[in-house]
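Single-letter residue listing:
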Amino acid sequence: MTHVKRSLGIALWFMFLTLPLMVVRVNTVSREIEWRWHNMALVGICAFAIAWFWQFSIERRMSKLAQVSNDKHPELKKPTWTQRLAADPVLSRRVLIAVGALAMVFPWLVSTGQNFYHVNVMVSALIFVVLGLGLNITVGLAGLLDLGYIAFFAVGAYTYALLAKTFGMGFWTCLPLGGLMGALFGVVLGFPILRLRGDYLAIVTLGFASITKIVLENWDTVFGGAAGIANIPRPDFFGVELTGREKAVYTYYIVLGLVALAVLVTTRLKNSRIGRAWMALREDEIACVAMGVDMARTKLSAYALGAFWAGLVGVVFAAHNNFINPDSFTFMDSAMILAMVVLGGMGSILGVIIAALALKLMPEYLRAFAEYRMLVFGAVMVLMMIFRPQGLINDMRRKYEYDTAEREDDDGGK
Amino acid sequence: MAANDERKKLLEVSGLTMDFGGLRAVDNVGLDIYEGEIVALIGPNGAGKTTFFNCVTGIYEPTRGDVKMLPPGRPARRINGMKPNRITELGMARTFQNIRLFPAMTVLENVMIGRHCRTSTSIVDAIFGGRKAAAEERESIDKSYQLLKKVGLAEVADEFSRNLSYGAQRRLEIARALATDPFLLLLDEPAAGMNPQETHELDALITRIRAEEKVAILLIEHDMKLVMNISDRIYVMEYGKEIAQGTPQQIKENPKVIEAYLGEEAHA
Ligand SMILES: Nc1ncnc2c1ncn2[C@@H]1O[C@H](COP(=O)(O)OP(=O)(O)O)[C@@H](O)[C@H]1O
Ligand SMILES: [Mg+2]
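Not measured: the values here are computed from a predicted model. (Residues numbered from 1 in each chain as written. Chains lettered and ligands numbered in written order. Predicted model: local features only at pLDDT ≥ 70, side-chain atom pairs only at ≥ 80, totals over all residues. Heavy atoms only, no water.)

Of the regular secondary structure elements, chain A holds 19 helices and two strands. For the C-alpha atoms alone, the extent of chain A along its principal axes is close to 80 × 75 × 45 Å. A burial count over chain A gives 43% of its 414 residues as buried. Within chain A, contacts between residues at least 6 apart in sequence are counted, and of these 76% link residues at least 24 apart. For chain A, the computed accessible surface area is about 22000 Å², with 68% contributed by carbon and sulfur atoms. Of the charged side chains in chain A, 37 are positive and 29 negative, and the gap between their average positions amounts to 4 Å. (Helix = DSSP H or I, 4+ residues; strand = E, 2+ residues; numbered from the N terminus. Buried < 20%, exposed > 50% of the residue type's maximum accessible area, 1.4 Å probe, protein only. Contact = heavy atoms within 4.5 Å. Areas by Shrake-Rupley, 256 points an atom, 1.4 Å probe, with all protein chains shown as cover. Lys, Arg positive; Asp, Glu negative; His and termini not counted. Charge placed at Lys NZ, Arg CZ, Asp CG, Glu CD.)

Put into structure tokens, the structure is as follows:
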């Protein structure tokens, strides 16, 4: 009831505020004042509905929170659909196969000989999926903030561009080299900031990305300056000449492979000694080192591995675009990738993939709303922080299998 | 205690001093621990007990003094200034007064972090998942699970540690510390926040751990009944200084201790 009252108050207030704008209009031709009362009604109804919905959602969220804090085993009680999926290996395998098959046939379904726009869009989106998965290691798993992640992407892209143009090296030789260069720069960045936390970490990583961009812009004898590097060769396919469409599809499969690889590697690491150390570092640094985990080594490996994926996919980016310049690697991109990790749910692989696809594909297909892009982006961020601060998908922890025989034996002993 | 002199010494702290700016939190404190002992460190709040722990375990670097570790079967090491993880590797593990678990990890995973320094799977091993890595992982899980059974948390192994009760969290911290295979275990107020029943069980648990895990234990504790019950020797601190040491009986009768420690309790 209080909701209705309060919403009514808000609606009245809005009606009053918008009165001069929405209701009163001076018709300059007939020199009359028009009173558009129906507009006022409209404003009132809309404001009321929004205010009511807002309060309703807040209350629901609060009661849910209260419930959770009363509940000793919230995870056990109410499995979400992702948890149910993960708990059922047959079902999850089927879903995985279906998604995989769809991803395989996708480029042939949406492209024709002349028009392969959708494939190219998907390639860009998948590149960002890999970037999201990479940053997920550094930020999501190890909890190390990195606002300059795009710099490693640039390192990979320029590595390929330079090696291919000056030494004529092929795409497949450069792919691992780009990844390794990314990892190397990850360590280079990681060393000086081992002891930093929070705000300081944010500033230094931001600075690192700026320095990278400035070097690329100004050292034009090597990196081509602001004009960048053009005519970068496309990925080669055993020396076979490909048509435009085939090239796009081929690149699509390459990135798709990298996505699969990134998912596989991250999953493996997450459930290993290394991944657990990363997470422990994220949860409590002091407890982590007190339990015998080498902080320096753990942090550096998280930076290096995160940067590795950026470097790797940077090579693909350069090859896919034919052309790179420093403007391809702005702070906005770093922020975008970070948003993918945060929106997706820190540490959650599935969440990051969904968030990355959504954040890259939506603006592409909603060009009509291009002007409101940032507005919508901001609104989504704010709403997410209010209603799902943990991200789209909760990071699930694997259930380890221990000897059940021993377990029963133990129960019997009690 | 004459009997102690024949036993092997495990930890030797002498002249330990820790300054925070103008505040001398620990002032010239010495302490020895011998094999198989349970030693208690008591004193009023703010006496510098936790700071002493932090200096010994490498969280702080002491202003002055010596901390020497004598691992059984290995050469003695001076450990002040060493990183905490190195000290843990050498065989000293601890728990925290203000519980420091990894809340978004499961109970079992919390303990498995303790196994980190005793395992060696590298990034490459983890990615390619060879037989050695799998075996090591298996061993890690089994050992951790055994420890959970020991502290009575096997049933909640898959829960997030943040969902545990206070007492259970303290026991989980003990299991996690034991997972590092220590020969010395430092417990900072393990009974704080526990109810009398839980405290009673903790009493039995600590004695059992000493016997089964072959660790010597140094514990900070305010619960006098627990301390007097299980300790072989007691050190008393006040305002950073060590004011007494001896057997529980000696400490009970020490007038300085009665004034400093029990006096405070009478006021409180
Ligand atoms: N990191 C620190 N910086 C400054 N002062 C500290 C710090 N840690 C502890 N102290 C001070 O040292 C004194 C001893 O604290 P502590 O060792 O926690 O006492 P206890 O554990 O015996 O209750 C207190 O006065 C406390 O305020
Ligand atoms: Mg204390």
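What follows is about the nonpolar core. All names here are of chain A. Counting residues in each nonpolar core, the largest one holds 108 residues, and the members touching the most others are Ile127, Leu131, Phe153, Tyr160, Trp278, Ile324 and Phe329. At 16 residues, helix H7 (residues 117–141) tops the list of elements feeding residues into this core. Once residues within four sequence positions are removed from consideration, isoleucine 127 is found in contact with Phe153, Val255, Val313, Val316 and Phe317. (Core = buried A, V, L, I, M, F, W, Y, C linked by side-chain atoms within 4.5 Å.)

So, on to the coordination of the magnesium ion (ligand 2). Under perfect tetrahedral coordination by four donors, a metal shows angles of 109.5 degrees; under perfect octahedral coordination by six donors, it shows angles of 90 or 180 degrees. Residues and elements named next belong to chain B. Bound to the magnesium ion (ligand 2) on the protein side are Thr50 (OG1) and Gln97 (OE1), at distances that span 2.0 to 2.1 Å. With threonine 50 in helix H2 (residues 49–56) and glutamine 97 in the loop between strand S6 (92–94) and helix H4 (107–115), this residue pair connects regions lying 47 residues apart in the sequence. Using a relative accessible area of 25% as the deciding quantity, one classes threonine 50 as partly exposed. With relative accessibility at 28%, the residue glutamine 97 sits in the partly exposed group. (Donors = N, O, S within 2.8 Å, 3.2 Å for Na, K, Ca; no water.)

What follows covers the side chain of Thr180(B). Looking at the secondary structure, you find Thr180(B) in the loop between helix H7 (166–178) and strand S7 (184–188). Here the side chain of Thr180(B) touches Ala177(B) through a polar contact of 2.7 Å, landing on its backbone oxygen. Once you skip the residues sitting within four places of it in the chain, Thr180(B) turns out to touch Met291(A), Thr88(B), Ala93(B), Gly114(B), Cys117(B) and Arg118(B). (Polar contact = N/O pair within 3.5 Å; in protein donor to acceptor, adjacent residues only side chain to side chain.)

Moving on: the site of ligand 1. Residue and element names in this part refer to chain B. Contacts to ligand 1 come from Phe20, Leu23, Ala25, Pro44, Asn45, Gly46, Ala47, Gly48, Lys49, Thr50, Thr51 and Tyr60. At 3.2 Å, a backbone N or O of alanine 47 approaches an oxygen atom of ligand 1. Here an oxygen atom of ligand 1 and a side-chain polar atom of threonine 51 are 2.6 Å apart. Taking 560 Å² as the accessible area of ligand 1 by itself, protein coverage stands at 62%. Listing elements by their share of the shell around ligand 1, those giving two or more residues are strand S2 (23–34) and H2. Broken down by element, the shell around ligand 1 gets its largest block of residues, three residues, from H2. (Near = heavy atom within 4 Å.)

The next subject is the pairing of strand S1 (residues 24–27) of chain A. All names here are of chain A. The sheet contact formed by S1 and strand S2 (residues 32–35) spans four bridges and is antiparallel. Across the sheet, the residue bridging to valine 24 is tryptophan 35, located in S2. Taken together, S1 and the strand that follows it, S2, pair antiparallel across an intervening segment of four residues, in which arginine 31 is found at a positive phi of about 50°. (Pairing = 2+ DSSP bridges.)

Glancing now at the interface of chain A and chain B. Listed as interface residues are 42 residues of chain A and, on the opposing side, 48 residues of chain B. Of the roughly 4100 Å² buried at the junction of chain A and chain B (both faces included), carbon and sulfur atoms supply 57%. For the chain A face of the interface with chain B, the top three residues by lost area are Arg273(A), Met291(A) and Tyr402(A), together amounting to 20%. Here chain A is connected to chain B by two salt bridges. Between Asp284(A) and Arg100(B) there is a salt bridge; the shortest N-O distance is 2.9 Å. At the level of secondary structure, the elements contributing two or more residues to the side of chain A that touches chain B comprise helix H4 (74–77), helix H12 (244–270), helix H13 (273–283), helix H14 (285–290), helix H15 (295–321) and helix H19 (404–413) of chain A. The dominant element in the side of chain A that touches chain B, judged by the number of residues it contributes, is H13(A), at eight residues. Here the side of chain A that touches chain B is built from residues that sort into 18 nonpolar, five polar and 19 charged. (Buried area = accessible area lost by both parts, 1.4 Å probe. Salt bridge = Lys/Arg side-chain N within 4 Å of Asp/Glu carboxyl O. Nonpolar A, V, L, I, M, F, W, Y, C, P; charged D, E, K, R; others polar.)

Another aspect to go through is H2(B). Residues and elements named next belong to chain B. Of all eight residues in H2, seven are buried, a share of seventy percent or more. Of all the positions in H2, only Lys49, Thr51, Phe52, Phe53, Asn54, Cys55 and Val56 are classed as buried. One or two steps after H2, the chain reaches glycine 58, where phi turns positive at roughly 90°.

Domains assigned within chain A are domain 1 (2–68) and domain 2 (82–387). A separation of 43 Å is found between the C-alpha centroids of domain 1 of chain A and domain 2 of chain A. (Domains from an automatic or database assignment.)

This paragraph deals with the sheet that holds strand S9 (residues 233–238) of chain B. Residues and elements named next belong to chain B. With mixed pairing, six strands are arranged side by side in an open sheet as S6-S7-S8-S3-S9-S10. Two strands lie at the open edges of the sheet, namely S6 and strand S10 (241–246), each paired on one side alone. In this sheet, adjacent strand axes meet at a mean angle of 20° when their direction is disregarded. Taken together, the five bridges between S7 and strand S8 (residues 216–220) define a ladder with parallel strand orientation. Note on S8: the bridge partner recorded for leucine 185 is isoleucine 217. Where helix H8 (residues 196–213) meets the sheet, it contacts strand S3 (38–42), S7 and S8, and its direction lies at approximately 155° from that of S8. (Axes fitted to C-alpha atoms, helices over the stretch in contact; angles between N-to-C directions.)

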